[in-house]
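Structural overview for review
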Amino acid sequence: MTDPTGGDLLADSLINQGVSRIFGIPGVQLDAAADALHARTDQVDFICARNEQATTYMADGYARSTGDVGVAMVVPGPGVLNALSGVATGYSANSPMLLIAGQIDSQAIGRGLGALHEIPDQTGILQRLTKWTGTARSADEIPGLVREAFTQLRSGRPRPVALEVPPDVLAATSRAVAAERVADAPLVPEEQQIRDAAARLLAAKRPMIVVGGGVLAANASVALQALAEALEAPVLMTENGRGALDARHRLAFDALALRAFREDADLVLAVGTRFVSTFGTQVDTNGAPVILVNAEAADLEGPRAAAQTLHADARLALAGLAAEVGTPARDSRESEFARVRAWLAAQFADIAPQREYLSAIRGALPEDGVFVSEFTQVGYAASACYPAYQPRTYIGPGYQGTLGYGFATALGVKAADPDRAVVSVNGDGGFSWTLQELSTAKRYGLGLVTIVFHDGFYGNVRRIQKNRYGARYFASDLTNPDYGTLAEAFGIRSARAATPQELSGVLADAVPANEPILINVPVGEFPSPWHLIHEGVPRPAPLAPDAHLVRQAGV
């Protein structure tokens, strides 16, 4: 029996960690890894994208919709650079991702010899965008580096990691053995801190809970609901935390409700959230003291001013608090909740056109169906008010705000569970980033429902140019393909819907069909949602009631 190559050790170590799917594009520096994966096609599916940018987006979608590690593999230099947008998005959204990055020959790294795909300090670039980056200098090192990568992924705050593998290292043989599975190692809270926090919560009359992506990453929804119900405390979900509690639960609220609840709140428990504004300032709690719970130590520090901090895994902290709090007698706050819901309804009336489309999508998706947002007009509204019924069923771009990430990310969600309904919402601007991945959807039979809201502009850019710069439009208009013809070119179904009602009809057929479809929705100008998303932005003048509708044939 011959000794395994570095490629064999890499493949077997990944399989031992539970990896069953890799998104990537092969290339000469990865030949030995590709050959090892070829011998293991019964254990690992390899989904070949059409651009490296899509590989990490797909890995991100896979990771955030399942909680498992998403893996991407690309060649060095331009391959890594193309993949970095997805890495940055995953970094902002607490995504457990592994980027397997090709390198040049190990003896040439850092010498500036002009090897194929060489870039200066690729390792340093990756280190600045990941939680951890390792470089294999010999085949013997590969198992240990894979073990360390998954130790980082399965402890503390989940974020992307990277492993560089030079071609000579992948091709070399070794007597090392593949890395065994690394167990999860969540950060355990201190018992006295749990007791102190529970005492504060029990003493509060009107506490509220604000949750972010850390609650989803820790699979903490059950513990969250138990604590909220025991305290009769509303749960406000940030965009990254959407779905942590079923939106239909009597204690579930959109993040905008903070502006109403803080008027009378006497304590805020913030769990798994950075708890800063978009502009990096302290969240306004109207003086209510704050308990911060986070697995990331840096997110417990300034500019946040906390009465107490718990450096801990969200699930363990919430479960510990629920056990310590017990089942106290609490006064009903139903009248307060009803008042806040009425206030929210009045605020969201400003974006009624977007909400009509969101209602059409929500109505067509089953409870576990996944909505993948995008930085587009309907997507902006979704970040504020889309009702997610289960954890990991709403996926957005996090604070990175990555235009063009949505379609490829949704393909990763669909690849993770091909029988699960997934809808990708796009604008015509962002969709153009990765529309070539229609090829990937067709090739692998990924039954993604892709909606393109088509207005012919970078809508947000154009709105700013209109409102702030006297309608001096610059580079904000688009030349788009005929979407029906585009879909046909890839052998994919297409449809057109010009109103929310028409979209409901199309989705009623498209979602259960579970085959790739591209839906073109021509729209006009939507009302701005920014005053609802970012506090301090003034409420805009209302548009004409039907400004969002486009009636011209062929638009």
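Throughout what follows, the structure given in this document is the object of discussion. (Residues numbered from 1 in each chain as written. Predicted model: local features only at pLDDT ≥ 70, side-chain atom pairs only at ≥ 80, totals over all residues. Heavy atoms only, no water.)

**Some details on the overall build of the protein chain**
The test is simple: Only DSSP runs of H or I with at least four residues qualify as helices, and only runs of E with at least two residues qualify as strands; both kinds are numbered from the N terminus onward. Radius of gyration here uses only the C-alpha atoms, and the compact-globule reference equals 2.2 Å multiplied by the residue count raised to the power 0.38. Buried residues are those whose accessible area, probed at 1.4 Å on protein chains only, stays under 20% of the maximum for their type, while exposed residues exceed 50% and partly exposed ones sit between those limits. Where accessible areas are quoted, they stem from the Shrake-Rupley method and a 1.4 Å probe; at the residue level, only the protein chains shown are allowed to cover. For this count, His and the chain ends are skipped, Lys and Arg are scored as positive, and Asp and Glu as negative. Charge placement uses NZ in Lys and CZ in Arg. For Asp and Glu, CG and CD serve respectively.
The number of helices and strands found in the protein chain is 22 helices and 18 strands. Taken over the C-alpha trace, the protein chain has a radius of gyration of 24 Å; the compact-globule value for 555 residues is 24 Å, and the two agree within 12%. Along the longest, intermediate and shortest principal axes, the C-alpha atoms of the protein chain span 75 × 65 × 45 Å. Residues counted as buried form 56% of the 555 residues belonging to the protein chain. For the protein chain, the exposed surface amounts to about 21,800 Å²; the carbon and sulfur share of it is 51%. Considering the protein chain, the positive charge centre built from 46 side chains and the negative charge centre built from 59 side chains are found 5 Å apart.

**A look at the packing of helix H1 (residues 6-16) against helix H2 (residues 31-38)**
Selection criterion: Note on geometry: axes are lines fitted to C-alpha atoms, helical ones only across the stretch in contact, with angles between N-to-C directions running from 0 to 180 degrees. Should an angle fall under 35 degrees it is taken as roughly parallel, and over 145 as roughly antiparallel, whereas 65 to 115 is taken as roughly perpendicular and any remaining angle as oblique. Left-handed describes a crossing whose near helix is turned anticlockwise from the far helix by less than a right angle; the clockwise case is right-handed. Residue contacts are counted whenever heavy atoms from the two residues lie within 4.5 Å of one another. Residues were grouped as follows: Ala, Val, Leu, Ile, Met, Phe, Trp, Tyr, Cys and Pro as nonpolar; Asp, Glu, Lys and Arg as charged; and all remaining residues, including Gly, as polar.
For the pair H1 and H2, the least separation of the axes is 8 Å and the interaxial angle reads 55 degrees. Relative to H2, the element H1 lies oblique. Handedness of the H1/H2 crossing: right-handed. Between H1, through Gly 7, Asp 8, Leu 10 and Ala 11, and H2, the contact on the second element is made entirely by Ala 32, Ala 33, Ala 36 and Leu 37. Partitioned by chemical class, the residues of the contact of H1 with H2 number six nonpolar, one polar and one charged.

**A word on the packing of helix H14 (residues 352-364) against helix H21 (residues 500-513)**
Contact pair H14 / H21: the axes reach a minimum separation of 9 Å and the direction vectors enclose 20 degrees. Comparing the axis directions of H14 and H21 gives the class roughly parallel. For the pair H14 and H21, the crossing hand works out as right-handed. Here H14 contributes Glu 356, Tyr 357, Ala 360, Ile 361 and Ala 364 to the contact with H21, which in turn contributes Pro 500, Gln 501, Leu 503, Ser 504, Leu 507 and Val 511. Among the residues forming the contact of H14 with H21, the class breakdown is eight nonpolar, two polar and one charged.

**As for unusual backbone geometry**
Here the residue pair Gly 302 and Pro 303 is connected by a cis peptide bond, since its omega of 15 degrees sits within 30 degrees of zero. Looking at the element boundaries, Pro 303 is found in the loop between strand E11 (290-294) and strand E12 (308-311). For Asn 286, which is not glycine, the phi torsion reads 60 degrees and is therefore positive. Although it is not a glycine, Ala 471 sits at a positive phi angle of roughly 60 degrees. Tracing the backbone shows Ala 471 in the loop between helix H19 (459-468) and helix H20 (483-489).

**Considerations on the pattern of salt bridges**
Note the following rule: Definition used for salt bridges: Asp or Glu carboxyl oxygen within 4 Å of a side-chain nitrogen of Lys or Arg.
Applying the stated criterion across every chain yields a total of 22 salt bridges. Here Arg 175 ties to Asp 3 by a salt bridge, and the two come within 3.7 Å at their closest N and O atoms. One end of the pair, Arg 175, is in the loop between helix H7 (167-171) and helix H8 (191-203); the other, Asp 3, is in the segment before H1, with 172 residues separating them in the sequence. You can call Arg 175 exposed: its relative accessible area is 76%. Look at Asp 3 and you get partly exposed, because its relative accessible area is 35%. Close ionic contact of Arg 333 with Glu 336 constitutes a salt bridge, the shortest N to O distance being 2.9 Å. One exposure class covers both Arg 333 and Glu 336, and it is buried.

**Quick notes on the pairing of strand E18 (residues 517-522)**
What counts, and what does not: Only strands that DSSP links by at least two bridges are regarded as paired with each other.
Among the six residues in E18, six count as buried, and that is most of the element. Burial of the side chains of E18 extends over both faces: Ile 517, Ile 519 and Val 521 are buried on one face and Leu 518, Asn 520 and Pro 522 on the other. Sheet analysis places strand E16 (residues 449-454) next to E18, joined by six bridges and oriented parallel. Residue pairing for E18: Val 452 is matched across the bridge by Asn 520.

**Some details on the sheet that holds strand E5 (residues 132-135)**
What the six strands build is an open sheet, ordered E2-E1-E3-E4-E6-E5; its pairing is parallel. A strand with exactly one partner marks an edge of an open sheet, and here the two such strands are strand E2 (45-48) and E5. The mean angle between the axes of side-by-side strands here comes to 20 degrees, regardless of whether they run parallel or antiparallel. Examined bridge by bridge, strand E4 (residues 97-102) and strand E6 (residues 161-165) share five bridges and lie parallel to one another. Residue pairing across strands places Leu 99 opposite Ala 162, the latter belonging to E6. Most of the contacts of helix H4 (residues 78-92) go to E4, to which it runs at about 170 degrees, and overall it touches strand E3 (70-74) and E4.

**Some remarks on H2**
Put simply, the rule reads: Arc, as used here, means the arc of the directions from the helix axis to the C-beta atoms.
Taken together, the buried positions of H2 are Ala 32, Ala 33, Ala 36 and Leu 37. Looking straight down H2, one finds that the buried residues subtend no more than 140 degrees of arc, so they occupy a single side. Exposed positions of H2 whose direction lies more than 90 degrees from the buried face are Asp 35 and His 38.

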